[in-house]
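Below, each chain spelled out in residue letters.
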Amino acid sequence: GENVEQHPSTLSVQEGDSAVIKCTYSDSASNYFPWYKQELGKGPQLIIDIRSNVGEKKDQRIAVTLNKTAKHFSLHITETQPEDSAVYFCAAPTGGFKTIFGAGTRLFVKA
Amino acid sequence: SQTIHQWPATLVQPVGSPLSLECTVEGTSNPNLYWYRQAAGRGLQLLFYSIGIDQISSEVPQNLSASRPQDRQFILSSKKLLLSDSGFYLCAWSLSRSSSSYNEQFFGPGTRLTVL
(Lines give C-alpha, C1' and ligand atoms only; values in the text may rest on other atoms or scores of the structure.)
Protein backbone atom coordinates (compact mmCIF):
# COMPACT_ATOMS: atom_id res chain seq x y z
CA GLY A 1 0.00 0.00 0.00
CA GLU A 2 0.88 3.67 0.01
CA ASN A 3 3.64 4.69 2.37
CA VAL A 4 5.49 7.81 3.55
CA GLU A 5 8.89 7.37 5.13
CA GLN A 6 10.37 10.18 7.24
CA HIS A 7 13.94 10.66 8.49
CA PRO A 8 15.42 11.26 10.94
CA SER A 9 13.18 10.27 13.82
CA THR A 10 15.07 12.60 16.16
CA LEU A 11 17.13 15.68 15.33
CA SER A 12 19.08 17.85 17.73
CA VAL A 13 20.61 21.14 16.55
CA GLN A 14 22.20 24.17 18.12
CA GLU A 15 20.23 27.39 18.08
CA GLY A 16 20.96 29.26 14.86
CA ASP A 17 21.87 26.15 12.88
CA SER A 18 19.74 24.68 10.10
CA ALA A 19 17.56 21.60 10.32
CA VAL A 20 16.56 19.33 7.44
CA ILE A 21 13.89 16.63 7.53
CA LYS A 22 13.39 14.31 4.58
CA CYS A 23 10.44 12.27 3.38
CA THR A 24 9.87 9.73 0.64
CA TYR A 25 6.46 8.78 -0.70
CA SER A 26 5.30 5.84 -2.78
CA ASP A 27 2.08 6.96 -4.51
CA SER A 28 2.90 8.50 -7.88
CA ALA A 29 -0.52 10.16 -7.92
CA SER A 30 0.31 12.30 -4.87
CA ASN A 31 0.34 15.97 -5.83
CA TYR A 32 0.19 17.86 -2.54
CA PHE A 33 2.72 17.65 0.27
CA PRO A 34 1.98 19.38 3.57
CA TRP A 35 4.19 19.67 6.63
CA TYR A 36 2.71 19.83 10.13
CA LYS A 37 4.22 20.96 13.43
CA GLN A 38 2.95 19.43 16.65
CA GLU A 39 3.78 21.03 19.97
CA LEU A 40 3.50 19.02 23.15
CA GLY A 41 -0.08 18.15 24.05
CA LYS A 42 -1.58 19.87 21.02
CA GLY A 43 -2.91 18.89 17.62
CA PRO A 44 -0.67 19.21 14.54
CA GLN A 45 -0.77 22.52 12.70
CA LEU A 46 0.08 23.10 9.05
CA ILE A 47 3.25 25.16 8.64
CA ILE A 48 3.92 24.92 4.92
CA ASP A 49 2.82 22.90 1.92
CA ILE A 50 3.88 22.42 -1.69
CA ARG A 51 2.04 21.33 -4.79
CA SER A 52 3.53 19.11 -7.45
CA ASN A 53 3.76 21.87 -10.05
CA VAL A 54 6.61 23.62 -8.17
CA GLY A 55 9.94 22.43 -6.93
CA GLU A 56 10.47 24.76 -3.98
CA LYS A 57 8.47 27.02 -1.71
CA LYS A 58 9.75 29.32 0.98
CA ASP A 59 8.09 31.13 3.89
CA GLN A 60 10.52 33.15 5.99
CA ARG A 61 12.80 30.63 7.77
CA ILE A 62 10.96 27.58 6.45
CA ALA A 63 11.29 26.07 3.01
CA VAL A 64 10.12 22.88 1.35
CA THR A 65 11.64 21.23 -1.72
CA LEU A 66 10.08 18.57 -3.90
CA ASN A 67 11.65 16.10 -6.32
CA LYS A 68 8.77 14.30 -8.03
CA THR A 69 11.05 12.08 -10.08
CA ALA A 70 12.69 10.68 -6.97
CA LYS A 71 9.50 10.99 -4.89
CA HIS A 72 11.35 12.96 -2.24
CA PHE A 73 10.37 16.12 -0.38
CA SER A 74 12.20 17.91 2.41
CA LEU A 75 11.61 20.54 5.07
CA HIS A 76 14.35 23.07 5.70
CA ILE A 77 14.38 25.31 8.76
CA THR A 78 17.10 27.95 8.88
CA GLU A 79 18.30 29.99 11.85
CA THR A 80 16.56 27.63 14.25
CA GLN A 81 15.16 28.97 17.50
CA PRO A 82 14.14 27.17 20.71
CA GLU A 83 10.47 27.64 19.82
CA ASP A 84 11.04 25.50 16.72
CA SER A 85 11.39 22.51 19.06
CA ALA A 86 8.45 20.22 18.30
CA VAL A 87 7.48 17.11 16.35
CA TYR A 88 7.24 17.61 12.60
CA PHE A 89 5.18 15.40 10.28
CA CYS A 90 5.29 15.18 6.53
CA ALA A 91 2.24 13.88 4.66
CA ALA A 92 0.99 12.91 1.22
CA PRO A 93 -2.55 12.26 -0.03
CA THR A 94 -3.27 8.84 -1.47
CA GLY A 95 -5.48 9.99 -4.31
CA GLY A 96 -8.61 9.10 -2.36
CA PHE A 97 -9.78 10.78 0.80
CA LYS A 98 -6.92 9.69 2.99
CA THR A 99 -3.64 11.34 3.79
CA ILE A 100 -0.68 9.24 4.82
CA PHE A 101 1.56 10.78 7.48
CA GLY A 102 5.21 10.11 8.11
CA ALA A 103 6.23 8.75 11.50
CA GLY A 104 7.37 12.19 12.68
CA THR A 105 10.66 13.88 13.56
CA ARG A 106 11.27 15.17 17.05
CA LEU A 107 13.35 18.34 16.70
CA PHE A 108 15.30 19.70 19.66
CA VAL A 109 16.83 23.16 19.35
CA LYS A 110 19.42 23.74 22.04
CA ALA A 111 19.89 27.30 23.26
CA SER B 1 -13.69 31.26 10.30
CA GLN B 2 -13.70 27.55 10.92
CA THR B 3 -13.05 25.97 14.29
CA ILE B 4 -12.88 22.40 15.51
CA HIS B 5 -13.65 21.30 19.04
CA GLN B 6 -12.97 18.07 20.85
CA TRP B 7 -14.05 16.94 24.28
CA PRO B 8 -13.20 15.89 26.75
CA ALA B 9 -9.61 17.12 26.77
CA THR B 10 -8.49 14.32 29.06
CA LEU B 11 -10.12 11.10 30.18
CA VAL B 12 -9.16 8.28 32.52
CA GLN B 13 -11.24 5.15 32.15
CA PRO B 14 -11.06 1.60 33.58
CA VAL B 15 -10.59 -1.37 31.31
CA GLY B 16 -13.92 -2.68 30.06
CA SER B 17 -15.74 0.63 30.37
CA PRO B 18 -17.43 2.36 27.41
CA LEU B 19 -16.05 5.36 25.55
CA SER B 20 -17.51 8.32 23.73
CA LEU B 21 -15.35 11.10 22.30
CA GLU B 22 -16.96 13.96 20.48
CA CYS B 23 -15.74 16.25 17.74
CA THR B 24 -17.59 19.19 16.21
CA VAL B 25 -16.67 21.57 13.42
CA GLU B 26 -18.01 25.08 12.99
CA GLY B 27 -17.93 27.45 10.05
CA THR B 28 -18.00 24.98 7.18
CA SER B 29 -20.46 22.58 5.58
CA ASN B 30 -20.13 18.95 4.56
CA PRO B 31 -16.52 18.58 5.69
CA ASN B 32 -14.52 15.39 5.41
CA LEU B 33 -13.93 14.21 8.98
CA TYR B 34 -11.17 12.03 10.39
CA TRP B 35 -10.25 10.26 13.63
CA TYR B 36 -6.59 9.56 14.35
CA ARG B 37 -4.86 7.92 17.29
CA GLN B 38 -1.36 8.82 18.37
CA ALA B 39 0.47 6.56 20.79
CA ALA B 40 3.06 8.22 23.05
CA GLY B 41 5.96 9.45 20.94
CA ARG B 42 4.56 7.92 17.78
CA GLY B 43 2.98 8.96 14.50
CA LEU B 44 -0.64 9.40 13.45
CA GLN B 45 -2.71 6.29 12.88
CA LEU B 46 -5.88 6.88 10.84
CA LEU B 47 -8.83 5.13 12.50
CA PHE B 48 -11.89 6.37 10.59
CA TYR B 49 -12.81 8.90 7.96
CA SER B 50 -16.15 10.18 6.75
CA ILE B 51 -17.08 12.04 3.57
CA GLY B 52 -20.71 12.52 4.60
CA ILE B 53 -23.44 11.58 7.05
CA ASP B 54 -23.64 7.79 7.32
CA GLN B 55 -20.56 7.44 5.10
CA ILE B 56 -17.82 6.18 7.39
CA SER B 57 -14.80 4.12 6.44
CA SER B 58 -12.81 2.11 8.95
CA GLU B 59 -9.08 1.80 8.48
CA VAL B 60 -8.05 -0.49 11.29
CA PRO B 61 -10.14 -3.38 12.64
CA GLN B 62 -10.45 -2.95 16.39
CA ASN B 63 -12.97 -2.45 19.15
CA LEU B 64 -13.66 1.16 18.21
CA SER B 65 -16.50 2.54 16.11
CA ALA B 66 -17.39 5.94 14.68
CA SER B 67 -20.64 7.68 13.92
CA ARG B 68 -21.64 10.93 12.27
CA PRO B 69 -25.10 11.84 13.52
CA GLN B 70 -24.93 15.35 12.08
CA ASP B 71 -23.00 16.95 9.23
CA ARG B 72 -20.39 18.53 11.48
CA GLN B 73 -20.34 16.08 14.37
CA PHE B 74 -18.10 13.02 14.56
CA ILE B 75 -18.15 10.61 17.48
CA LEU B 76 -15.67 7.90 18.40
CA SER B 77 -17.01 5.11 20.60
CA SER B 78 -16.15 1.84 22.23
CA LYS B 79 -18.30 -0.62 24.16
CA LYS B 80 -15.38 -2.02 26.15
CA LEU B 81 -12.03 -0.28 26.42
CA LEU B 82 -8.73 -2.16 26.32
CA LEU B 83 -5.41 -1.09 27.83
CA SER B 84 -4.09 -0.72 24.31
CA ASP B 85 -6.71 1.96 23.57
CA SER B 86 -4.72 4.47 25.60
CA GLY B 87 -3.41 7.33 23.49
CA PHE B 88 -3.96 10.80 22.13
CA TYR B 89 -7.05 10.94 19.91
CA LEU B 90 -7.18 13.61 17.27
CA CYS B 91 -10.12 14.68 15.15
CA ALA B 92 -9.50 16.52 11.90
CA TRP B 93 -11.51 18.01 9.06
CA SER B 94 -10.83 18.98 5.49
CA LEU B 95 -12.79 20.68 2.75
CA SER B 96 -15.19 18.46 0.86
CA ARG B 97 -13.69 17.68 -2.51
CA SER B 98 -13.61 14.68 -4.79
CA SER B 99 -10.39 13.52 -3.18
CA SER B 100 -7.83 14.56 -0.62
CA SER B 101 -5.66 16.21 -3.25
CA TYR B 102 -4.71 19.73 -2.17
CA ASN B 103 -6.66 19.03 0.98
CA GLU B 104 -5.12 20.51 4.08
CA GLN B 105 -6.36 18.82 7.22
CA PHE B 106 -7.18 20.93 10.26
CA PHE B 107 -6.71 19.20 13.57
CA GLY B 108 -8.56 19.60 16.82
CA PRO B 109 -6.82 19.99 20.21
CA GLY B 110 -7.04 16.26 20.93
CA THR B 111 -8.25 14.03 23.77
CA ARG B 112 -5.75 12.23 25.94
CA LEU B 113 -7.21 8.87 26.96
CA THR B 114 -5.68 6.73 29.68
CA VAL B 115 -7.11 3.27 30.21
CA LEU B 116 -6.18 1.73 33.58
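About the thresholds
- Residues numbered from 1 in each chain as written.
- Chains lettered and ligands numbered in written order.
- Predicted model: local features only at pLDDT ≥ 70, side-chain atom pairs only at ≥ 80, totals over all residues.
- Heavy atoms only, no water.
- Pairing = 2+ DSSP bridges.
- Helix = DSSP H or I, 4+ residues; strand = E, 2+ residues; numbered from the N terminus.
- Axes fitted to C-alpha atoms, helices over the stretch in contact; angles between N-to-C directions.
- 1 Å grid on protein atoms, 1.4 Å probe; cavity = no way out; pocket = protein on both sides within 12 Å on 5 of 7 lines; lining within 4 Å.
- Points joined across faces, edges and corners; volume = space filled by probe spheres on them.
- Nonpolar A, V, L, I, M, F, W, Y, C, P; charged D, E, K, R; others polar.
- Contact = heavy atoms within 4.5 Å.
- Buried area = accessible area lost by both parts, 1.4 Å probe.
- Salt bridge = Lys/Arg side-chain N within 4 Å of Asp/Glu carboxyl O.
- Polar contact = N/O pair within 3.5 Å; in protein donor to acceptor, adjacent residues only side chain to side chain.
- Buried < 20%, exposed > 50% of the residue type's maximum accessible area, 1.4 Å probe, protein only.

S.K.: Can you tell me about the sheet that holds strand β1 (residues 3–7) of chain B, naming the residues and giving the values?
M.R.: Residues and elements named next belong to chain B. Pairing is antiparallel across the open sheet formed by 4 strands, whose spatial order is β1-β3-β8-β7. The two strands at the open ends of the sheet, each matched to only one other strand, are β1 and β7 (64–70). Put simply, the sheet's adjacent strands are angled 20° from each other on average, direction ignored. Bridge count between β1 and strand β3 (residues 19–26): 5 bridges; the pairing is antiparallel. Within β3, the residue paired with H5 across the bridge is T24.

S.K.: Any details on the layout of surface pockets? Residues and values, ideally.
M.R.: By volume, the largest pocket is sized at about 520 Å³. If you go around the largest pocket, you meet 28 residues; those closest to its centre are B:Q38, B:A39, B:A40, B:G41 and B:R42. Residue assignment for the lining of the largest pocket shows that the elements contributing at least two residues are β9 (86–93) and β11 (105–110) of chain A together with β4 (32–38) of chain B. A per-element tally of the lining of the largest pocket places β11(A) first, with 4 residues. Across the lining of the largest pocket, the residue classes break down as 10 nonpolar, 13 polar and 5 charged. Taken together, 13 residues line the second largest pocket, and the ones lying closest to its centre are A:I100, A:F101, B:L44, B:Q45 and B:L46.

S.K.: Quick one: what's the story with the interface of chain A and chain B, residue by residue and with numbers?
M.R.: Accessible area lost upon the coming together of the parts is a frequently used measure of interface size. With 22 residues of chain A at the contact, the number on the chain B side is 27 residues. Of the roughly 2,000 Å² buried between chain A and chain B, counting both surfaces, carbon and sulfur atoms make up 57%. Together, A:F97, A:K98 and A:F101 form the three largest contributors to the area buried by chain A at its contact with chain B, with a combined 33%. The interface formed by chain A and chain B includes 1 salt bridge. Applying the counting criterion to the chain A and chain B interface returns 4 residue pairs in polar contact (both at pLDDT 80 or more). Counting only elements with at least two residues in the side of chain A that touches chain B, the list comes to β4 (32–38), β5 (45–51), β9 and β10 (99–101) of chain A. Residues that form the side of chain A that touches chain B fall into these classes: 9 nonpolar, 9 polar and 4 charged.

S.K.: Could you give an account of the pairing of strand β7 (residues 62–67) of chain A, with specific residues and numbers?
M.R.: Residues and elements named next belong to chain A. Inspection of the sheet shows strand β6 (residues 56–59) paired to β7 by 4 bridges, in the antiparallel sense. From the neighbouring strand, E56 faces β7, where its bridge partner is T65. Remark: 2 residues form the turn of the hairpin made by β6 and β7, two consecutive strands paired antiparallel; Q60 in that turn has positive phi of roughly 55°. As defined by bridge partners, β7 adjoins strand β8 (residues 72–77) across 6 bridges and the pair is classed as antiparallel. What sits directly across from V64, in β8, is L75. Connecting the antiparallel pair β7 and β8 is a turn made up of 4 residues, with K71 showing a positive phi of about 60°.

S.K.: Explain the environment of A:I100 residue by residue, including any values.
M.R.: Residue and element names in this part refer to chain A. Examined against the element boundaries, I100 turns out to sit in strand β10. On the basis of relative accessible area, I100 is assigned to the partly exposed category, the value being 23%. Along the chain, I100 and V4 lie 96 residues apart, while their C-alpha atoms are 6.5 Å from each other. With sequence-adjacent residues up to four places away left out, I100 is seen in contact with E2, N3, V4, C90, A91, A92 and T94.

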